[in-house]
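Per-entry structural report
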Amino acid sequence: MTEAPVGPLVISLAVPTILSMMTTALYNTADSYFVSQLGTSASGAVGVVFSLMAIFQAIGFTLGMGAGSMISRMLGAGDSASACRYGSTSFFSAVALGLCLCAGGLLSLDSLMILFGATPTILPYARSYAGLILLGAPVMCASFVMNNILRSEGHAAFAMCGLVTGGLLNIALDPLFIFTLGLGISGAAAATLLSQCVSFSIMLSFFLRGKSLVKLRLKTLSRRPRDYYDILRLGCPSLSRQGLASISTAALNVSAGAYGDAAVAAMSIVGRISLFILSVMIGLGQGMMPVVGFNYGSRRYARVREAFWFTVKTGAALMTLLTVAGWIFAPDIIALFRRDDAEVIAIGARAMRFQCAALLLQPLFVSTNMMLQASGFAWRATFLACLRQGIYFIPLIILTPRLFGLTGVEMTQAAADVFSFTTSLPFLYYFIMMLKEKERFQ
């Protein structure tokens with residue numbers, strides 16, 4: 001972490017992380033694709049339940065990335081005991097919170113789906129899909145934690161194996177459960193639940209076989225409030241990113257619902273595709289984070305800057321290629337999901353082109369946010385993480401439809417991205433200046 005050439009090191013960590021992030025996005029994208037064959041309302045239900053799954057991700061990424069930031073710096077400083085304590089605390093906390101979510105969600109299922117934007121025609125599908133998904137809450141939350149722990153100690157490749165295996169299994173089981181066995185949208189949920197359990201088992205086996213640097217044991221579960229504070233403080237950017245994703249998706253569904261099920265379905269499809277594209281940049285940034293954390297903890301500040309700029313340049317090249325492809329083939333991509341619904345294709349193609357244009361801004365914005373988080377500047381990173389789908393998105397999703405109608409719904413995320421990018425620039429400038437100042441006094 002502190003001696004290898006930075007570029008190849010970031011790539012070696014980022015490739016499995018990108019595949020892991022794409023696989024995470026693929027779960028919902030695969031369900032969207034197969035479920036969309038059941039009808040427009042069923043397709044909209046996947047988008048509604050995505051708000052629920054975003055909460056699982058929020059818990060898992062908050063605890064996992066918060067602990068991961070501490071673990072990478074503890075290991076960089078040679079303190080393995082503290083690293084194990086943070087790892088165990090985050091893992092068992094995720095299981096406990098997942099169980100609470102499962103119980104609470106099942107007791108208020110219909111109200112929850114309506115809150116997340118289900119229309120009367122979408123609600124029956126959303127209820128069937130979410131009921132099974134909620135049963136997997138403890139497994140999903142804990143899987144995200146283990147994924148981040150493994151990445152923080154440099155075992156991103158094994159974490160990737162667990163997630164990719166589950167993702168491929170999900171794709172194989174979806175058509176079998178939905179069509180062959182005739183389970184409909186409940187089959188998609190069952191496929192996702194089973195696939196997530198397989199991913200969980202694979203990653204847990206790495207810890208149980210003693211292959212990891214961090215040991216997950218109940219006896220090392222922390223009883224010190226300070227440790228929980230550290231995890232939550234450093235995980236707050238992830239909580240903001242994923243938690244606000246749930247809120248913003250629900251707000252988007254409600255706004256789109258005013259224009260019918262076709263609008264909800266179209267924005268759901270575009271959201272899954274955009275997330276799949278953006279997962280490449282997020283995965284690249286997460287590959288950078290252990291490098292930044294280790295080297296910041298070891299006071300090798302030049303390597304921190306080098307890792308950041310390498311990530312930005314590589315991300316810009318990847319996002320440009322994906323953005324151009326997404327812009328050109330937007331109608332064809334949307335048609336893969338709902339070929340027989342011209343209204344869904346028209347709405348989706350416009351929204352996708354708006355979002356593709358804004359994706360070009362993500363390399364610098366995402367890298368800045370994650371560099372601050374990995375270096376321990378939690379509140380600055382949290383503020384930046386709140387921008388894209390919170391501070392800017394929520395007011396815009398209320399305002400732009402009133403000004404521009406359905407076009408306002410389609411353009412909201414792109415507008416929020418532009419404002420978020422602009423706001424991140426002074427944070428980046430002052431952080432880079434601080435690193436240079438620290439180098440001068442070494």
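The rules behind these values
Residues numbered from 1 in each chain as written. Predicted model: local features only at pLDDT ≥ 70, side-chain atom pairs only at ≥ 80, totals over all residues. Heavy atoms only, no water. Helix = DSSP H or I, 4+ residues; strand = E, 2+ residues; numbered from the N terminus. Rg over C-alpha atoms; globule rule 2.2 N^0.38 Å. Buried < 20%, exposed > 50% of the residue type's maximum accessible area, 1.4 Å probe, protein only. Contact = heavy atoms within 4.5 Å. Areas by Shrake-Rupley, 256 points an atom, 1.4 Å probe, with all protein chains shown as cover. Lys, Arg positive; Asp, Glu negative; His and termini not counted. Charge placed at Lys NZ, Arg CZ, Asp CG, Glu CD. Polar contact = N/O pair within 3.5 Å; in protein donor to acceptor, adjacent residues only side chain to side chain. Axes fitted to C-alpha atoms, helices over the stretch in contact; angles between N-to-C directions. Parallel < 35°, antiparallel > 145°, perpendicular 65-115°, else oblique. Nonpolar A, V, L, I, M, F, W, Y, C, P; charged D, E, K, R; others polar. Phe/Tyr/Trp six-rings, centres within 6.5 Å; stacked < 30°, edge-to-face > 60°. Salt bridge = Lys/Arg side-chain N within 4 Å of Asp/Glu carboxyl O. Expected span 1.5 Å × (residues − 1). Patch = residues over 30% accessible without salt bridge, like charges linked within 9 Å, V, L, I, M, F, W, Y side chains within 5 Å. Left-handed = near helix turned anticlockwise from the far one by under 90°. Core = buried A, V, L, I, M, F, W, Y, C linked by side-chain atoms within 4.5 Å. pLDDT = per-residue confidence, 0-100. Disulfide = S-S within 2.5 Å.

A tally of helices and strands in the chain yields 17 helices and 0 strands. Its C-alpha atoms give the chain a radius of gyration of 21 Å, within 12% of the compact-globule value 22 Å for 442 residues. With respect to the three principal axes, the spread of C-alpha positions in the chain is 65 × 45 × 35 Å. Buried positions account for 61% of the 442 residues belonging to the chain. A sequence separation of at least 24 residues applies to 83% of the contacts in the chain between residues at least 6 apart. For the chain, the exposed surface amounts to about 16,100 Å²; the carbon and sulfur share of it is 70%. Here the chain contributes 30 positive and 18 negative side-chain charges, whose respective centroids are spaced 11 Å apart.

On to the side chain of serine 212. For serine 212, the location among the structural elements is in the loop between helix H8 (185-208) and helix H9 (225-257). In terms of polar contacts, serine 212 uses its side chain to reach the backbone carbonyl oxygen of valine 214, at 2.5 Å. If sequence neighbours within four positions are ignored, serine 212 has contacts with Glu153, Phe206 and Phe207.

Further remarks concern the packing of helix H10 (residues 261-297) against helix H17 (residues 406-440). The interhelical angle for the contact between H10 and H17, taken along N-to-C directions, is 5 degrees, at an axis separation of 13 Å. Judged by the inter-axis angle, H10 sits roughly parallel to H17. Contacts between H10 and H17 involve Ala263, Met267 and Tyr296 from the first element and Leu406, Val409, Glu410, Phe431, Met434, Leu435 and Lys438 from the second. Partitioning the contact of H10 with H17 into residue classes produces 8 nonpolar, no polar and 2 charged.

Apart from glycine, the bulk of residues carry a negative phi angle, and the bulk of peptide bonds sit in the trans form. Unlike most non-glycine residues, arginine 299 shows phi in positive territory, near 60 degrees. Looking at where arginine 299 falls in the secondary structure, it is placed in the loop between H10 and helix H11 (301-328).

We now examine the packing of aromatic side chains. Summed over all chains, the structure comprises 12 aromatic pairs. Residues tyrosine 33 and phenylalanine 337 carry aromatic rings whose centres are separated by 5.9 Å and whose planes lie at 80 degrees to one another, so their mutual orientation is edge-to-face. Of this pair, tyrosine 33 sits in helix H1 (residues 6-36) while phenylalanine 337 sits in helix H12 (residues 330-337), and the two are 304 residues apart along the sequence. With a relative accessible area of 35%, tyrosine 33 lands in the partly exposed category. Here a set of aromatic residues connected by ring pairs shows up, and it is made of Tyr296, Tyr301, Phe377 and Phe431.

Before going further, it helps to examine the pattern of salt bridges. Here the structure, examined in full by the defined rule, presents 10 salt bridges. The salt bridge partner of aspartate 227 is arginine 85, with a shortest N-O separation of 2.6 Å. Within this pair, whereas aspartate 227 is found in helix H9, its partner arginine 85 is found in helix H3 (residues 80-107), the two being separated by 142 residues in sequence. Of the two residues, aspartate 227 and arginine 85, both sit in the buried class. Notably, a salt bridge pairs arginine 233 with aspartate 230, separated by 3.7 Å at the nearest N-O pair. Linking arginine 233 with aspartate 230, this pair stays in helix H9, spanning 3 residues, or about one helical turn. Each of Arg85, Arg224 and Asp227 takes part in one network of salt bridges that share partners.

Let's shift gears to helix H14 (residues 362-374). Helix length check: H14 (13 residues) gives 18 Å between terminal C-alpha atoms against 18 Å at 1.5 Å per residue, within 8%. Taken across its 13 residues, H14 has 13 buried, putting it largely inside the fold. Note on H14: the residue one or two positions beyond its end, glycine 376, has a positive phi of about 95 degrees.

What follows deals with the environment of leucine 193. Of note, leucine 193 is situated in helix H8. Each C-alpha atom of the pair leucine 193 and asparagine 170 lies 8.7 Å from the other, and the pair is 23 residues apart in sequence. Leave out the neighbours within four places in its chain, and leucine 193 touches Leu132, Leu135 and Gly136.

The next thing to look at is a nonpolar patch on the surface. A cluster of nonpolar side chains, Val324, Trp327, Ile328 and Phe329, forms an exposed patch at the surface whose accessible area comes to about 400 Å². Within the secondary structure, phenylalanine 329 is located in the loop between H11 and H12.

A word on the packing of H10 against helix H13 (residues 342-359). Relative orientation of the contacting elements H10 and H13 amounts to 35 degrees, with a least axis distance of 8 Å. Once H10 is placed against H13, the crossing between them reads as right-handed. Two secondary-structure elements touch here, H10 through Ala262, Ala263, Ala265, Ala266, Met267, Ile269, Val270, Ile273, Ser274, Ile277 and Leu278 and H13 through Glu343, Val344, Ile347, Gly348, Ala351, Met352, Gln355 and Leu359.

With that settled, the discussion passes to the nonpolar core. It is characteristic of soluble globular proteins that their nonpolar side chains tend to be buried jointly. Within the largest apolar cluster, 132 residues are counted, with the highest numbers of intra-cluster contacts made by Leu52, Phe56, Ile71, Met113, Tyr129, Ile334 and Met371. Counting residues per element, this core draws most heavily on H10, at 21 residues. If near-sequence neighbours (up to four positions away) are discounted, methionine 371 is found in contact with Met288, Val292, Val304, Phe308, Leu428, Phe431 and Ile432.

Attention shifts here to the confidence of the model for the chain. Taken as a whole, the chain shows an average pLDDT of 89; of its residues, 99% reach a score of 70 or greater. Per-element mean pLDDT across the chain ranges from 81 in H1 up to 95 in helix H5 (residues 123-135).

On to the state of the cysteines, then. By the definition in use, this model includes 0 disulfides. No disulfide involves cysteine 100; its nearest neighbouring cysteine sulfur is the one of cysteine 102, lying 9.9 Å away. The class of cysteine 100 is exposed, set by a relative accessible area of 54%. There is no disulfide at cysteine 161, and the cysteine sulfur nearest it, in cysteine 197, is 19 Å away. We classify cysteine 161 as partly exposed; its relative accessible area is 37%.

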